[in-house]
Amino acid sequence: MTSKCPLVSFILAALTLSTTFSLQPDQQKVLLVSFDGFRWDYLYRVPTPNFHYVMKYGVHVKQVTNIFITKTYPNHYTLVTGLFAENHGIVANDMFDPILNKSFSLDHMNIYDSDFWEEATPIWITNQREGHTSGAAMWPGADVEIHETFPTHYMPYNESVSFEDRVAKIIEWFTSKEPVNLGLLYWEDPDDMGHHLGPDSPLMGPVISDIDNKLGYLIQMLEKAKLWNVVNLIITSDHGMTQCSEERVIELDHYLDKDHYTLVDQSPVAAILPKEGKFDEVYEALVHAHPNLTVYKKEEIPERWHYKYNSRIQPILAVADEGWYILQNKSEDFLLGNHGYDNALAEMHPIFLAHGPAFRKNFTKEAMNSTDLYPLLCHLLNITAMPHNGSLRNVQDLLSSAPPGPIPYTQSTTLLLGSVEPEYEQEESYPYFIGVSLGSIIVIVFSVIFIKHLIHSQIPALQDMQGEISQPLLQA
Ligand SMILES: [Zn+2]
């Protein structure tokens, strides 16, 4: 009986290790929520008790670097693909593709052309290919047919549908007979009001309070459906917002002849397609036009923006300084708040909070990239990530246990399309190595104890055997 104890301990140790390193099936559920245009510091503008409740019992990342350009559609597609804009192809809210000879415009809602979306594969498709089901409540792009697939459940985009109705759908999908493991929920504010009022307006206080109440409602509904401690809830956004002023407007008509170019996208990043034979003229007229406007030929766009290697990026890009606005002339609409600027600017950064069985409690992390969310989502859903620009290693300290290893490769690369060679990153982390080392030590220790017991219990027999063998030899 005593000789069995080390074996039992060994099995127990092995079981403990395996449960530490893998998420239980009922932990593999994710609800991703985006409050459009929720700047990182809105959390501190007015009391936001519901956001702080999530932070206290979950995790919070103080600085999230999103992707350039800091617009809605490019960043929402990054959240669900882990790719930079040049790699997923949604390079702006307004685009022109010279190969397809087609335009994409949020203003005209002609965003339903699958061709624009199929340079990438969003997570709901990968999730469904692995046998799971997904549900999307108004998530940008989730009602577009991509690679001949829609989310298992989705609401066709309609901004007049209330937050409560969107939440009701999410709850329905998570609690149905064939529950989803992935839910996506989108809400238009505080972006809409941020544009309208400007983020510095004192009237933004009630807008932020209203979002906090909406989060409170979501938590309440999750609790009521017994999902609050089951679902991994991630609350984030696409970008922040900065204050603009009619005194900081750059009017293109002052510098350029309207007949010489097409303005594909306008502010604060003007995407300029010169008419045939007019490239030099347009570029020379604009390059030193205004001290708060930086003008790039496509090939000169800074590498750090990962915004170059795509045919939808136009030959000339003019980027306004923070708080400056680009218009053709002042007869056009002007908004008091805007985003789209350099993604290195703090005011462009969104929030990131998470709560659930997979996440640590009361844990604050300094920084992450929005591209890192995708590999984190794939890990939580236990699905294999497509190639992406993020890194699970950057964010795995948010998790209450180390991911199982070895983790399927995740790519940290510009995935080009250009001169940079893809690098393959082995996603093994410091905590992972600690876990493996600790596991190995336990296994070795128990093996030694087990072998010692085995030897000990066999020694009398061996001594007898030796005795039996040696005696005849001695006698010989
Ligand atoms: Zn947005």
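Everything here concerns the structure above.
Here we summarise the structure given alongside this text. (Residues numbered from 1 in each chain as written. Predicted model: local features only at pLDDT ≥ 70, side-chain atom pairs only at ≥ 80, totals over all residues. Heavy atoms only, no water.)

### Remarks on the coordination of the zinc ion
For a metal with four tetrahedral donors the ideal donor-metal-donor angle is 109.5 degrees, whereas six octahedral donors ideally subtend 90 or 180 degrees. Within the protein, D36 (OD), D36 (OD), T72 (OG1), D238 (OD) and H239 (NE2) serve as the donor atoms for the zinc ion, at 2.0 to 2.8 Å. For the zinc ion, all donor residues lie on one chain, and their spacing in sequence is D-x35-T-x165-D-H. Separated by 203 residues along the polypeptide, D36 in the loop between β1 (30–35) and α2 (49–57) and H239 in the loop between β8 (232–236) and β9 (242–243) bring together distant segments of the chain. There is no split in this pair, since D36 and H239 are both buried. (Donors = N, O, S within 2.8 Å, 3.2 Å for Na, K, Ca; no water. Helix = DSSP H or I, 4+ residues; strand = E, 2+ residues; numbered from the N terminus. Buried < 20%, exposed > 50% of the residue type's maximum accessible area, 1.4 Å probe, protein only.)

### A short note on the sheet that holds strand β6 (residues 153–155)
An order of β6-β5-β7-β1-β8-β17-β2-β18 is seen for the 8 strands of this open sheet, with the pairing classed as mixed. Looking at the sheet topology across the chains shown, the edges are occupied by β6 and β18 (363–369). Here the average twist between neighbouring strands, direction ignored, is 15 degrees. Relative to strand β17 (residues 352–355), β8 runs antiparallel, the two sharing 4 bridges. Opposite I235, over in β17, you have L353 as the bridge partner. Sitting on the sheet, helix α8 (residues 204–224) is in contact with β1, β7 (182–187) and β8, with an inclination near 165 degrees to β1. (Pairing = 2+ DSSP bridges. Axes fitted to C-alpha atoms, helices over the stretch in contact; angles between N-to-C directions. Contact = heavy atoms within 4.5 Å.)

### Quick word on the packing of α2 against α8
Between α2 and α8, the shortest axis-to-axis distance is 7 Å and the interhelical angle comes to 55 degrees. Comparing their axes, α8 and α2 come out oblique. Across the interface between the two elements, P49, N50, F51, Y53 and V54 from α2 touch I211, D212, N213, L215, G216, I219 and E223 from α8. Here the residues of the contact of α2 with α8 are counted per class, giving 7 nonpolar, 3 polar and 2 charged. (Parallel < 35°, antiparallel > 145°, perpendicular 65-115°, else oblique. Nonpolar A, V, L, I, M, F, W, Y, C, P; charged D, E, K, R; others polar.)

### Details of α2
Along α2, the residues that are buried comprise F51, V54 and M55. Mapping the buried residues of α2 onto a view down its axis gives an arc of 100 degrees, with all of them on the same face. Where the residues of α2 are buried, they touch β1, β2 (59–65), α8, β8, β17 and β18. (Arc of directions from axis to C-beta.)

### Here we look at empty space enclosed by the protein
This model, assessed by the stated rule, comprises 1 cavity of 30 Å³ or more. When its volume is computed, the largest cavity comes out at roughly 40 Å³. Taken together, V91, A92, D94, M95, V264, A271, Y307, R312, I313, Q314 and L317 make up the lining of the largest cavity. In the lining of the largest cavity, the residues fall into 8 nonpolar, 1 polar and 2 charged. (1 Å grid on protein atoms, 1.4 Å probe; cavity = no way out; pocket = protein on both sides within 12 Å on 5 of 7 lines; lining within 4 Å. Points joined across faces, edges and corners; volume = space filled by probe spheres on them.)

### Section: the pairing of strand β5 (residues 134–137)
Of the two faces of β5, the one lined by S134 and A136 and the one lined by G135 and A137 are each fully buried. Strand direction decides the pairing type here: β5 and β7, joined by 4 bridges, are parallel. If you follow A136 over to β7, its bridge partner there is L184. Sheet topology places β5 next to β6; 3 bridges connect them, and they run parallel.

### Digging into the layout of surface pockets
Approximately 1100 Å³ is the volume found for the largest pocket. For the lining of the largest pocket, the secondary structure elements donating two or more residues are α3 (72–81), β3 (94–97), β4 (102–105), α7 (191–197), β11 (261–265) and β15 (325–327). Residue composition of the lining of the largest pocket, grouped by class: 16 nonpolar, 11 polar and 11 charged. Shared between two domains, the lining of the largest pocket holds at least three residues of each, these being domain 1 (29–83 + 120–242 + 343–398) and domain 2 (249–338). (Domains from an automatic or database assignment.)

### Here's the deal with the pattern of salt bridges
In total, this model carries 15 salt bridges according to the counting rule given. In this structure, the salt-bridge partner of D115 is K102, at a minimum N-O distance of 2.7 Å. In this pair, D115 is assigned in the loop between β4 and α5 (123–129) and K102 in strand β4, connecting sequence segments 13 residues apart. A network of salt bridges, in which partner residues are shared, links R39, D41 and E347. (Salt bridge = Lys/Arg side-chain N within 4 Å of Asp/Glu carboxyl O.)

### Digging into α8
Taking 1.5 Å of rise per residue, the 21 residues of α8 would be expected to cover 30 Å, and the 30 Å separating its terminal C-alpha atoms lies within 8% of that figure. Looking one or two places after α8, you find K226, whose phi comes out positive at around 60 degrees. (Expected span 1.5 Å × (residues − 1).)

### Focus: the packing of helix α6 (residues 163–175) against α8
Interaxial distance between α6 and α8 falls to 11 Å at its minimum, and their mutual angle equals 30 degrees. Put simply, α6 runs roughly parallel to α8. Every pair of crossing elements has a handedness; the one defined by α6 and α8 is right-handed. Together, F163, E164, V167 and I171 of α6 and K214, Y217, L218, M221 and L222 of α8 make up the contact between the two elements. Residue composition of the contact of α6 with α8, by class: 7 nonpolar, no polar and 2 charged. (Left-handed = near helix turned anticlockwise from the far one by under 90°.)

### Description of unusual backbone geometry
In this model, F68 is joined to I69 through a cis peptide bond whose omega is 0 degrees. If you trace the backbone, I69 turns up in the loop between β2 and α3. Here the residue pair D189 and P190 is connected by a cis peptide bond, since its omega of 15 degrees sits within 30 degrees of zero. Residues other than glycine seldom take positive phi values, yet M138 does so here, at roughly 70 degrees.

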